[in-house]
Amino acid sequence: MDRTIKSALISVFYKDGLEPIVRKLHELGVTIYSTGGTQTFIEQAGIPCTSVESVTGYPSILGGRVKTLHPKVFGGILARRDFADDEQHVKEYEIPLFDLVIVDLYPFEETVKQTTDEKTIIEKIDIGGVSLIRAAGKNFKDVCIVASREQYSSLLELLNKANGVTTIHERRRFAAEAFAECAHYDVAIADYFNQFENQKHFQWSSGNKQSLRYGENPHQDASFYGDLNGLFEKLNGKELSYNNLVDIDAACQIISEFANPAFAVIKHTNVCGIAVRDNVIHAWEAALAGDPESAFGGVLITNQIINADVAKKINELFFEILIAPEFEEGALEILKGKKNRILLEQRKSFYPVKEYKRILNGVLVQDADTKNFAEWNEAGARSSSEQEKEDLLFANIVCKHLKSNAIALVKDKQLIGKGCGQTSRIDALRSAIEKAKQFGFTLKDAVMASDAFFPFNDCVSVAHDAGITAVIQPGGSVRDNDSIQFCKEHDMAMVMTGLRHFRH
C-alpha cells in the first residue's frame, strides 16, 4: 500500500544532514510541523514551518521536558487512515495527520561518556522522542518514521526517487530500524541505572554493524557490532576477519598487563611468544625466539612505538596484523610494502570488565579475570630469589592468558615454552618442555607457572628434572602437601597465589 507524504513532523537533536531533506519536502509541497530548535533551524533555512504549539495550544513547558506529549500530536501519528472511527475523531478534534515523522533521541550515551554529573545525565533521557518514534513505528502502515541521522541519506534517496511516495515495505523497514534505535537507547539507560542495582535481565545492545567476510570458517556468516574506531586507527591492510578480531582481543588483553617495553605474538588466541626487555627491538627479538614457527601468520602487538629499525626486523616475518600505540613514518614505509598486511594504531589500552558467552539457550556473564594473585605465599624449600620472583610474576600473567590446562615456562622475562588447551596438566607441562627444547632453550634456572593447582606432585617432579627451580600456582588441591613436600626436599621455591586462572 503506497502513501504520499503530505505532512511531516520534524523534531531532532542533530541537525546535520537535515537541510536537504526539508528543502526536498518543501519542493514537494509537504506541510512541515516542528518545534524548538528544529523549527528555528528550518525557518532560518528559509522554509515555512508550522509550530507544534499552534496545533496543541500549549507552549513548551517544564524547561522543555514537555513539548510534543499531546493528543493532537499523537492522534495525528496513530490515526488509522482506513478506520472510520479514527477518521471521525480526527475531524471532531481537528487533528492534523502526519505522514512522515523525523525524530531522533537525546545523546544519552555520549553524555554518560562525557560527565558523571547525574543531573546532566538524567536530563538526556528522552521521553517525547521515544514516544513519537514508537507511535509512528506502530502505525507504519500509514506513517514513515525516520529515527536517526544515519537514515537521512536513505530518506532523501526515497524522496528524490519516488517524489514523496512510500511503499508499505519501505515504511516497515524504517519502522524496524526505529524500534531498534529505541531498544538500544533503553538498554543504555538501563545499564546506567543498573550500575547501582542488580540486573534481573541480561541486556546488551551495540550499534555499528560491520559485516565480515565470513565467520570462524568460510561457510559461516558473521558480523561485528561495536566501535572499532574508538580503539584503533587502521593504517593499512585488508578488512578485519572474525578470527582476526578474536585474536586482536586476546592480544590487547595480554599487552595491557605490562608497563615496560613488551612484545607479544598471538596465534588462535594463545600467546606463543612474549617478552619484556629494555627496548622494543630486544622485546621483539625475544618474543619471536620463543616460538618462531607459531609466529608465522600471527598477530603481533607491542606497547611501544614502532620505528624503522624494528620494522625492518618484523618485516622479515609473514604476519597478519601488527598493533602498536604509534608507527613512525619510516616504519610505515617499510611495513606498508604488503597491501594486505593489517597495521592498527591502538588509541587506548583495552581490558574488559565483563565477559559474555552464549551457552545452551542462554548467556553466561562473569567478571573479567583482572587479578593476578590474591596472596604471595612462599611455600617451598626457600623464598624465591629476586630474579625468580620477577620471572614468576611474568609467568603467572602469561599463563593466565593461555587456554586451560596451561603451563608457562619463563626465563629472564621471556616465554620459552608453553603448553595449553591440554586435557591434563602433566601433558601441558610435557608440551611446554618439548617446545623449549625444540628452539634450543635450556630450562636450567627457569620458572614454571600453572593456571590451576597440581593434583599430584608429578608436575613439580618433571619440572625439577628439567632444571626448573621455582614454581607459581594457585594451590587449593587436597594434595597440595605432596607438591610442597617435593619442593622442600629438592630446594625448589614454590609460590601459592590463592587465585586460579582457568580459561576455556
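So, here is what we can say about the structure in this document. Please read all numbers here as calculations on a predicted model, not as lab measurements.

### Side note on the overall build of the protein chain
Step number 1: Regarding its fold elements, the protein chain presents 18 helices and 23 strands.
Step number 2: Compactness check: the protein chain gives a C-alpha radius of gyration of 31 Å against a globular reference of 23 Å for 504 residues, more than 25% above the reference.
Step number 3: Along the longest, intermediate and shortest principal axes, the C-alpha atoms of the protein chain span 95 × 50 × 45 Å.
Step number 4: Put simply, the protein chain has 504 residues, and 47% of those count as buried.

### Concerning the packing of helix 16 (residues 425-438) against helix 17 (residues 458-466)
Step number 1: Viewed as axis vectors pointing N to C, helix 16 and helix 17 meet at an angle of 15°, and their least axial separation amounts to 9 Å. Taken together, the axes of helix 16 and helix 17 are roughly parallel relative to one another. Handedness of the crossing formed by helix 16 with helix 17: right-handed. Here helix 16 contributes Arg425, Ile426, Leu429 and Ile433 to the contact with helix 17, which in turn contributes Asp458, Cys459, Val462, Ala463 and Ala466.

### What about the pattern of salt bridges?
Step number 1: Under the criterion given, the structure shown has 21 salt bridges.
Step number 2: The salt bridge partner of Lys238 is Glu320, with a shortest N-O separation of 3.7 Å. Of this pair, Lys238 sits in the loop between strand 10 (232-236) and helix 11 (242-255) while Glu320 sits in the loop between helix 13 (308-314) and strand 14 (321-324), placing them 82 residues apart in sequence.
Step number 3: A relative accessible area of 21% places Glu320 in the partly exposed class.
Step number 4: Asp291 is paired through a salt bridge with Lys435; the nearest N and O atoms lie 3.1 Å apart. Here Lys435 lies in helix 16 and Asp291 lies in the loop between helix 12 (280-290) and strand 13 (299-302), a separation of 144 residues in the sequence. Across the pair, Lys435 and Asp291 agree in class, each one buried.
Step number 5: In this structure, a network of salt bridges that share partners links the residues Asp291, Lys418 and Lys435.

### Observations concerning the side chain of Lys400
Step number 1: Among the secondary structure elements, Lys400 is positioned in helix 15 (residues 386-400).
Step number 2: A polar side-chain atom of Lys400 sits 2.8 Å from a polar atom in the side chain of Asn372.
Step number 3: Ignoring any residue separated from it by four or fewer positions in sequence, one finds Lys400 in contact with Glu257, Tyr351, Asp369, Thr370, Lys371, Asn372, His501 and Arg503.

### Things to note about the packing of helix 1 (residues 19-27) against helix 9 (residues 152-162)
Step number 1: The interhelical angle for the contact between helix 1 and helix 9, taken along N-to-C directions, is 25°, at an axis separation of 10 Å. Viewed along their axes, helix 1 and helix 9 adopt a mutual orientation that is roughly parallel. Between helix 1 and helix 9 lies a crossing whose hand is left-handed. In contact with Pro20, Ile21, Lys24 and Leu25 of helix 1, helix 9 contributes Tyr152, Leu155, Leu156, Leu159 and Asn160.

### Things to note about the sheet that holds strand 3 (residues 31-34)
Step number 1: Within the open sheet, the five strands sit side by side as 4-3-2-5-6. Their pairing is parallel. For this open sheet the edge positions go to strand 4 (50-51) and strand 6 (144-146), each flanked by a neighbour on one side alone.
Step number 2: Sheet analysis places strand 2 (residues 7-11) next to strand 3, joined by four bridges and oriented parallel. For Ile10, the partnering residue across the bridge sits in strand 3 and is Ser34.
Step number 3: Helix 8 (residues 128-138) contacts strand 2, strand 5 (100-103) and strand 6 of the sheet and is inclined by roughly 150° relative to strand 5.

### Notes on the sheet that holds strand 11 (residues 262-267)
Step number 1: Strands sit in the order 10-15-14-13-11-12 across an open sheet of six strands; the sheet is mixed. Of all strands in the sheet, those with a lone pairing partner are strand 10 and strand 12 (270-276), marking the two edges. The mean angle between the axes of side-by-side strands here comes to 20°, regardless of whether they run parallel or antiparallel.
Step number 2: Bridging between strand 13 and strand 14 involves three bridges; their strand directions are parallel. Among the inter-strand pairings, Ile301 is bridged to a residue of strand 14, identified as Ile323.

### Observations concerning the packing of aromatic side chains
Step number 1: For the structure on display, the rule yields ten aromatic pairs.
Step number 2: Centre to centre, the rings of Phe13 and Tyr106 are 6.2 Å apart; their planes meet at 70°, and the pair counts as edge-to-face. A residue pair is termed long-range when its members are at least 10 positions apart, and Phe13 in the loop between strand 2 and helix 1 and Tyr106 in the loop between strand 5 and helix 6 (108-114) qualify at 93 residues.
Step number 3: Here Phe108 and Tyr192 contribute two aromatic rings whose centre-to-centre distance is 6.0 Å and whose plane-to-plane angle is 85°, an arrangement assigned as edge-to-face. Here Tyr192 lies in helix 10 (residues 168-193) and Phe108 lies in helix 6, a separation of 84 residues in the sequence.
Step number 4: On the basis of relative accessible area, Phe108 is assigned to the buried category, the value being 2%.

### Quick notes on the pairing of strand 5
Step number 1: Of the two faces of strand 5, the one holding Leu100 and Ile102 and the one holding Val101 and Val103 are both buried throughout.
Step number 2: Inspection of the sheet shows strand 5 paired to strand 6 by three bridges, in the parallel sense. Bridge pairing in strand 6 links Ile102 to Val146.

### What to know about the nonpolar core
Nonpolar side chains in soluble globular proteins tend to end up buried together.
Step number 1: Phe232, Ile248, Phe258, Val271, Ile274, Ile321 and Ile323 are the most contacted members of the largest nonpolar core, which has 44 residues in total.
Step number 2: With seven residues, helix 11 is the single largest residue contributor to this core.
Step number 3: Here Phe258 is in contact with Ile274, Val276, Asn303, Phe394 and Ile397, once residues within four sequence places are set aside.
Step number 4: The next biggest cluster of nonpolar side chains, apart from the first, holds 31 residues, and it includes Leu105, Val130, Ala135 and Phe140.

### Comments concerning the pairing of strand 3
Step number 1: Each parallel crossover has a hand, and the one from strand 2 via helix 1 to strand 3 is right-handed.
Step number 2: For strand 3 and strand 4, the ladder comprises two bridges, and the chain directions are parallel. Its bridge partner being in strand 4, Ser34 is matched across the sheet by Ser51.
Step number 3: Regarding the hand of the β-α-β motif, the stretch spanning strand 3, helix 2 (residues 36-44) and strand 4 is right-handed.

### As for unusual backbone geometry
Step number 1: In this structure, Asn405 follows Ser404 across a cis peptide bond, with omega equal to -10°.
Step number 2: Relative to the assigned elements, Asn405 resides in the loop between helix 15 and strand 19 (407-410).
Step number 3: In the Ramachandran plot, His268 falls in the positive-phi region, its phi being about 50° despite a non-glycine side chain.
Step number 4: With respect to the element layout, His268 can be found in the loop between strand 11 and strand 12.
Step number 5: Even without being glycine, Leu360 reaches a positive phi, approximately 50°.
Step number 6: Mapped onto the elements of the fold, Leu360 is located in the loop between strand 16 (354-359) and strand 17 (362-367).
Step number 7: The exposed category is assigned to Leu360, whose relative accessible area is 74%.

Thresholds applied
- Residues numbered from 1 in each chain as written.
- Predicted model: local features only at pLDDT ≥ 70, side-chain atom pairs only at ≥ 80, totals over all residues.
- Heavy atoms only, no water.
- Helix = DSSP H or I, 4+ residues; strand = E, 2+ residues; numbered from the N terminus.
- Rg over C-alpha atoms; globule rule 2.2 N^0.38 Å.
- Buried < 20%, exposed > 50% of the residue type's maximum accessible area, 1.4 Å probe, protein only.
- Axes fitted to C-alpha atoms, helices over the stretch in contact; angles between N-to-C directions.
- Parallel < 35°, antiparallel > 145°, perpendicular 65-115°, else oblique.
- Left-handed = near helix turned anticlockwise from the far one by under 90°.
- Contact = heavy atoms within 4.5 Å.
- Salt bridge = Lys/Arg side-chain N within 4 Å of Asp/Glu carboxyl O.
- Polar contact = N/O pair within 3.5 Å; in protein donor to acceptor, adjacent residues only side chain to side chain.
- Pairing = 2+ DSSP bridges.
- Phe/Tyr/Trp six-rings, centres within 6.5 Å; stacked < 30°, edge-to-face > 60°.
- Core = buried A, V, L, I, M, F, W, Y, C linked by side-chain atoms within 4.5 Å.
- Right-handed = clockwise from strand over helix to strand, strands pointing away.

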